[in-house]
Amino acid sequence: MTVAQMLHHLNLACGGSLGFYDLPDESYLVSRTVFRWILVDWYPAQPVGLRLPKGFKIPHDAAFDFDFGETRLAKCLFLTEG
């Protein structure tokens, strides 16, 4: 993973919860209740093969703008407008 890809990944994680990105909700009732309870209470680490949301998968050959990622992450972390 390159530095620009890492910044993009952090932007998706932080910015998705703050409304900077519109990520679709891929959960369903069983995953929000039963699976969450099992994974949080019974497993200390994530099981192998755990399905990730489609929006968080970054292809290895994807290229992102480092300066944009850095600026967007600063906006997400410090909630600035400019």
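Refer to the structure printed above.
All values derive from a computational prediction rather than experimental measurement.

(A) Region of the structure containing a nonpolar patch on the surface. On the surface, a cluster of nonpolar side chains totalling about 470 Å² of accessible area is made up of Met-1, Val-3, Met-6, Leu-10 and Phe-66. Here the nonpolar patch takes three residues from helix 1 (residues 3–18), the largest share from any one element. Mapped onto the fold, Phe-66 is located in helix 3 (residues 66–78). The exposure class assigned to Phe-66 is partly exposed, which follows from its relative accessible area of 36%.

(B) Spatial organisation of the packing of aromatic side chains. In this structure the tally under the stated criterion is zero aromatic pairs. The positively charged end of Arg-72 is found above the aromatic ring belonging to Tyr-21, 5.3 Å away from the centroid.

(C) Representation of helix 3 within the structure. Across its 13 residues, helix 3 extends 18 Å between first and last C-alpha, which sits within 8% of the 18 Å expected from 1.5 Å per residue. Among all positions in helix 3, only Gly-69, Arg-72, Leu-73 and Cys-76 are buried. For helix 3, the arc enclosing every buried residue in end-on projection is 100°, short of the 170-degree limit, so these residues lie on one face. Lining the buried residues of helix 3 we find helix 1. Phi for Leu-79, located one or two positions after helix 3, is positive at around 50°.

About the criteria used
- Residues numbered from 1 in each chain as written.
- Predicted model: local features only at pLDDT ≥ 70, side-chain atom pairs only at ≥ 80, totals over all residues.
- Heavy atoms only, no water.
- Patch = residues over 30% accessible without salt bridge, like charges linked within 9 Å, V, L, I, M, F, W, Y side chains within 5 Å.
- Areas by Shrake-Rupley, 256 points an atom, 1.4 Å probe, with all protein chains shown as cover.
- Salt bridge = Lys/Arg side-chain N within 4 Å of Asp/Glu carboxyl O.
- Helix = DSSP H or I, 4+ residues; strand = E, 2+ residues; numbered from the N terminus.
- Buried < 20%, exposed > 50% of the residue type's maximum accessible area, 1.4 Å probe, protein only.
- Phe/Tyr/Trp six-rings, centres within 6.5 Å; stacked < 30°, edge-to-face > 60°.
- Lys NZ or Arg CZ within 6 Å of the ring centre and 35° of its normal.
- Expected span 1.5 Å × (residues − 1).
- Arc of directions from axis to C-beta.
- Contact = heavy atoms within 4.5 Å.

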